[in-house]
Amino acid sequence: MKKKTKTAAQKAAKRRKSGIAGRKATPRRVVSASSPRLPIAANGAKLTIRRLRAQLAQALARIDELQASADSDYLLDIPNRRGFEREFTRAISYIKRYQASGALIVLDVDRLKPINDAFGHAAGDQVLKAVVAVLRTQVTRV
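None of the values given here were measured: they were computed from a predicted structure.

> Please explain the overall build of the protein as it appears in this structure.
The number of helices and strands found in the protein is five helices and zero strands. Buried positions account for 6% of the 142 residues belonging to the protein. Within the protein, counting contacts between residues at least 6 apart in sequence, those at least 24 apart form 28% of the total. With an accessible surface of roughly 13500 Å², the protein has 59% of that area assigned to carbon and sulfur atoms.

> Any chance you could explain a nonpolar patch on the surface here in plain terms?
There is a patch of nonpolar side chains on the surface, built from Phe 84, Phe 88, Ile 92, Leu 104 and Val 106 and spanning about 480 Å² of accessible area. With respect to the helices and strands, Phe 88 occurs in helix α3 (residues 81–98).

> What's the story with the packing of helix α4 (residues 112–119) against helix α5 (residues 121–138) in this structure? I'm lost.
For any two helices packed against each other, one specifies the inter-axial angle together with the distance between the axes. In contact at an axis separation of 6 Å, α4 and α5 are set at 140 degrees when each is read in the N-to-C sense. One way to sum up the angle between α4 and α5 is to call them oblique. Between α4 and α5, the residues in contact are Leu 112, Ile 115, Asn 116 and Phe 119 and His 121, Ala 123, Gly 124, Val 127 and Leu 128, respectively. Of the residues assigned to the contact of α4 with α5, the class counts are six nonpolar, three polar and no charged.

> Mind showing me how you'd approach the packing of aromatic side chains here?
Here the distance between the centres and the angle between the planes together describe a pair of aromatic rings. In this structure the tally under the stated criterion is two aromatic pairs. Relative to Phe 88, the ring of Phe 84 lies with its centre 5.6 Å away and its plane at 20 degrees, an arrangement referred to as stacked. Of this pair, Phe 84 and Phe 88 both sit in helix α3, four residues apart, roughly one helical turn. Residue Phe 84 is classed as partly exposed on the basis of its relative accessible area of 41%. Taking 4.9 Å as the distance between ring centres and 50 degrees as the angle between the ring planes, the aromatic pair formed by Tyr 94 and Tyr 98 counts as tilted.

> Mind showing me how you'd approach the pattern of salt bridges here?
All told, the structure shown has seven salt bridges when counted by the stated rule. For the salt bridge of Asp 71 with Arg 82, the shortest nitrogen-to-oxygen distance reads 3.2 Å. A residue pair is termed long-range when its members are at least 10 positions apart, and Asp 71 in helix α2 (residues 37–71) and Arg 82 in helix α3 qualify at 11 residues. Judged by its relative accessible area of 14%, Asp 71 is buried.

> Is there a simple way to explain the environment of Arg 111 in this structure?
Note on placement: Arg 111 falls in the loop between α3 and α4. Taking C-alpha positions, Arg 111 is 9.9 Å from Gly 124, a pair spaced 13 residues apart along the chain.

> What is the right way to read unusual backbone geometry from this model?
Trans peptide bonds make up most of the peptide bonds, and negative phi angles are found at most residues other than glycine. In this structure, Asp 77 takes a positive phi of about 55 degrees despite not being glycine. Structurally, Asp 77 can be placed in the loop between α2 and α3. Looking at Asp 77, the relative accessible area reads 52%, which means it is exposed. Positioned with a positive phi, Gln 99 is a non-glycine residue whose angle comes to about 50 degrees. Along the chain, the position of Gln 99 falls in the loop between α3 and α4.

> Any chance you could explain α3 here in plain terms?
Residues spaced three or four apart along an α-helix point in a common direction, a consequence of the helix completing one turn every 3.6 residues. Over its 18 residues, α3 extends 26 Å from the first C-alpha to the last, a length consistent with the 26 Å expected when each residue adds 1.5 Å. One side-chain oxygen of the residue at the start of α3 lies 3.2 Å from the amide nitrogen of Arg 82, identifying that residue as Asn 80. Positive backbone phi, approximately 50 degrees, marks Gln 99, located one or two places after α3.

What counts, and at which threshold
Here the residue numbering is sequential within each chain, running from 1 through the sequence in written order. In keeping with the predicted nature of the model, local features appear solely for residues at pLDDT of at least 70, side-chain atom pairs appear and are counted solely at 80 or more, and the whole-chain, interface and lining totals rest on all residues. To get the side-chain values, take all heavy atoms of the structure and skip hydrogens and water. By definition, any uninterrupted DSSP run of H or I lasting at least four residues is a helix, any uninterrupted run of E lasting at least two residues is a strand, and each is numbered from the N terminus. Whether a residue is buried, partly exposed or exposed follows from its accessible area with a 1.4 Å probe, protein chains only, as a fraction of its type maximum: under 20%, in between, or over 50%, in that order. Contacts between residues were defined by any pair of non-hydrogen atoms, one from each residue, lying within 4.5 Å. Note on areas: Shrake-Rupley with a 1.4 Å probe; residue coverage comes only from the protein chains shown. Residues with no salt bridge and a relative accessible area higher than 30% make up the patches, which join like charges within 9 Å and nonpolar side chains (Val, Leu, Ile, Met, Phe, Trp, Tyr) within 5 Å. Salt bridge, as used here: a side-chain nitrogen of Lys or Arg that lies within 4 Å of a carboxyl oxygen of Asp or Glu. Only the stretch in contact is used when a helix axis is fitted, and all axes are lines through C-alpha atoms; the angle between N-to-C directions ranges over 0 to 180 degrees. Relative orientations are named as follows: roughly parallel for angles under 35 degrees, roughly antiparallel for angles over 145 degrees, roughly perpendicular for angles from 65 to 115 degrees, and oblique for any other angle. Note on residue categories: nonpolar means Ala, Val, Leu, Ile, Met, Phe, Trp, Tyr, Cys or Pro, charged means Asp, Glu, Lys or Arg, and polar means any other residue, Gly included. Within 6.5 Å between ring centres, the rings of Phe, Tyr and Trp (the latter by its six-membered ring) count as paired, and their orientation is classed by plane angle as stacked under 30 degrees, edge-to-face over 60, tilted in between. Here, expected helix span is obtained from the residue count minus one, scaled by 1.5 Å. Polar contact is the term for a pair of N or O atoms within 3.5 Å; when the atoms are in protein, one must be able to donate a hydrogen and the other to accept it, and sequence-neighboring residues count only if both atoms are side-chain atoms.

Bear in mind that shape data such as this cannot, by itself, settle questions of function.
Have a look at this one:
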């Protein structure tokens, strides 16, 4: 056992005299049952929590919306390059895991530039929408 130094022994003696030794320092709260501030504070806290939960729900909904828009083409509502790569990776993983078969079809719309040049980009957009509509009727997702 180590011998206490004189200063450490003096500090311990002061703590014993003041009654601090052996007791944990805990903050004391004096709450009066008749205090008018308690219900107001509790009600204010509940309102704040409700408001924050609503804001969190809105933020999460916005995040989901932004993630969906980041993966899909705004005009055609089909996966863009990022969405395609994510789905392609998922499909390859599924095929490897379950020894399934799959097919990848690459499609190119020929002569879209002359349509855009002659009739405008709105007409080219309509052609792309029509192609997507036909493909959606013919291709089923598994």
